[in-house]
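# A look at the structure
Single-letter residue listing:
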Amino acid sequence: MNFWEYLGSRHQQLLIDAYQHASAVFQCMVVATVVGVVIGVVTYRSEWAGNLATTTTSTILTIPSLAMIGLLIPIVGLGVPPTVIALTLYGLLPIVRNAIVGLRGVDPSLVDAAKGIGMSRLARLARVELPLAWPPILTGIRVSTQMLMGIAAIAAYASGPGLGNEIFRGIASLGSKNALNQVLAGTLGIIVLALLFDAAYVLVGRLTIPRGIRARDD
Amino acid sequence: MPETTEVAGVSGVAGVGAKGAVFGAAIELENLTKHYPGSSAPAVDSVNMQIDAGELVVFVGPSGCGKSTTLKMINRLIEPTGGRIRIGGEDVTDMDPVKLRRKIGYAIQASGLFPHMTVAQNIALVPKMVGWEKGRIRARVEEMLDLVGLDAGEFHGRYPRQLSGGQQQRVGVARALAADPPVLLMDEPFGAVDPITRDHLQDELIRLQHELHKTIVFVTHDFDEAIKLGDRIAVLRERSHIAQFDTPEAILTNPADDFVSGFVGAGAALKRLNLSRVRDVEITGYPTVIVDDPLQEIFNKLKSSGTNEILLLDRRGRPYKWLRRGDLMRARGSLARAGTLVHDTVTRDATLRDALEAVLTDNAGRVVVTGRRGEYTGVVDMETLMNSVHELLEADRLDALEHQHELEETRAEQTRHEQEGVDGGEAKA
């Protein structure tokens, strides 16, 4: 059976896996974005708190994902929980870092102006600082998503959802006639998903970054 | 200048965004001090100042003298560590700063416009925060754009980066004035634009202030800007100590000490010329003829006039040519070839400095003064200018002396009372 025949015969299962993969990554990204931006907002104004947040998240990133999932299994069991926790933790770093960099990068004279015309702390954050920091934050989200696409494959090790199952099945049955097809289908699926997500982010950027601060293209 | 708008000013601060425009409110600084922790000397040391309603006061001083800090304490962007601030008679030192700032316009260097919002959104910010309804905000945005000389239809939807520096600054001023605050603080607002644009913006601000009568506190390090704009100027030295707080005329003619005269710089008399207008000096009449007049009449006028020159006007009464006695003869009676063209004129609103410039470049040492539509109204020459300047300077000097004299007298009287231990009220004549 060649690769195309394999895809034809297994497309049902592959689509389900792909959907679950995408869905897991997407949901974890939403959580990571919210948590990451909140951490950024809370810490960016203090030198040490901001550095602590960045260092902590980058330390998490250095833990091999397989080890992380292995460590989580005894605590939260198999299946979805370790997958979600691991993905969210890994997704945090680029978002936290870019949120802090973005918020700190807002021109202080603009913050001064916002204060000076009578904006409250919250209004300043919501109407001036976050909108201006949004382009770097969105970049962080993009980077995170690319990374999670790959890491999510490892989640299959903990019986998690997604295209990783395809890859692990292939690896487990190396030598059998479909082993290579399985690994290939899983890997290519992840790549295709990653590209689709990236295209979606470009669109999101177009829609959410105001024309006044978009990179010159008008 | 002080106006009888105390009541309007007070109500403005008290939170009435009334239909009619809000006039300025008086600002009073009492022992205002800022002491940053960890530094031995205060950054601003006990400033006392009374700014009248509707007055434009300029803080001027070398960089690092605390003028900006003093300004930012008025809207409490920097919290004072001591002293009181009163606006329109109301003590605002402990008021909620966010509420206070919505009553105080604030314009800064490089405009401070939010790049992610359109011009209209930027201007609408403060009215929105104080809860105006949509229709009123929309009308107000148009009105403000119009006020600062930008076409509402064209600029409404633009983003700040699509504007020139001068236009951005105008929008910045429009945003500061949008909710009609009685007080406007301007922190080196024209510091980042080119000299020509800056000149325009200054003229605009003078015009605006004529219409609006806000109380404006303006910070700059440019003394010429201070002279041009200020009703009164506070020359500040380090720690915001007031070296002199007086009218531009008084500071130019009678600087309080070496620091002030150093800051005034060379050419005080020349700078003084910027403060007077052509309409303040004597404009002399000149014999004139109109191009359509018959040649014979022009000849007669030339002969009968005491001067050896007459001014030829065009059909609309605008100055056209200077005619000397021999000119017509030499041109064989042709007006088209005779005489020299009038190339420079000044209006009655021009500063004496402009007039002097024109007189100096004119080879006969005089310049034609024109009215609003360019029509001839008279002539100013070197002699008139010299005399007027002498008179002005002399008058300034006398004023300053009198002022000083009064001050000394009150001081002497005070000392006397203190020495005699008499209660001040009774002994007063």
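Figured I'd write up the structure that's included with this text. Since the structure is predicted, the reported quantities are computational estimates derived from the model, not experimental observations.

Next up on the list: the overall build of chain B. What chain B contains, in helices and strands, is 17 helices and 17 strands. Each of the three principal axes of chain B carries a C-alpha extent, and together these read 85 × 70 × 40 Å. When the 429 residues of chain B are sorted by exposure, 40% land in the buried category. For chain B, restricting intrachain contacts to residue pairs at least 6 apart in sequence, the fraction spanning at least 24 positions comes to 64%.

All right, on to the interface of chain B and chain A then. Every contact between the two is made by 20 residues of chain B and, on the other side, 16 residues of chain A. Of all the secondary-structure elements, those providing two or more residues to the side of chain B that touches chain A are helix H3 (97-102), strand S6 (104-108) and helix H4 (119-129) of chain B. Looking at the side of chain B that touches chain A, its residues break down into 13 nonpolar, three polar and four charged.

This brings us to the pairing of S6(B). Residues and elements named next belong to chain B. In terms of burial, S6 is largely enclosed, as five of its five residues are buried. Side chains of S6 alternate between two faces, with Ile104, Tyr106 and Ile108 and Gly105 and Ala107 buried alike. Note: S6 against strand S7 (residues 183-187), five bridges, orientation parallel. Directly across from Ile104, in S7, lies its bridge partner Val183.

Residues and elements named next belong to chain B. Of note, the phi angle at Ser46 is positive, near 50°, even though the residue is not glycine. Its location among the elements puts Ser46 in strand S2 (residues 44-51). Given 15 C-beta atoms within 10 Å, Ser46 falls into the partly exposed group. Here the phi dihedral of Arg76 falls at roughly 60°; this positive angle occurs in a residue that is not glycine. Mapped onto the elements of the fold, Arg76 is located in the loop between helix H2 (67-74) and strand S4 (82-87). On the basis of neighbour counts, which here come to 21 C-beta atoms within 10 Å, the residue Arg76 falls in the buried class.

Criteria and cut-off values
Residues numbered from 1 in each chain as written. Chains lettered and ligands numbered in written order. Predicted model: local features only at pLDDT ≥ 70, side-chain atom pairs only at ≥ 80, totals over all residues. Helix = DSSP H or I, 4+ residues; strand = E, 2+ residues; numbered from the N terminus. Buried ≥ 20, exposed ≤ 12 C-beta atoms within 10 Å, placed from the backbone. Contact = placed C-beta atoms within 7 Å. Nonpolar A, V, L, I, M, F, W, Y, C, P; charged D, E, K, R; others polar. Pairing = 2+ DSSP bridges.

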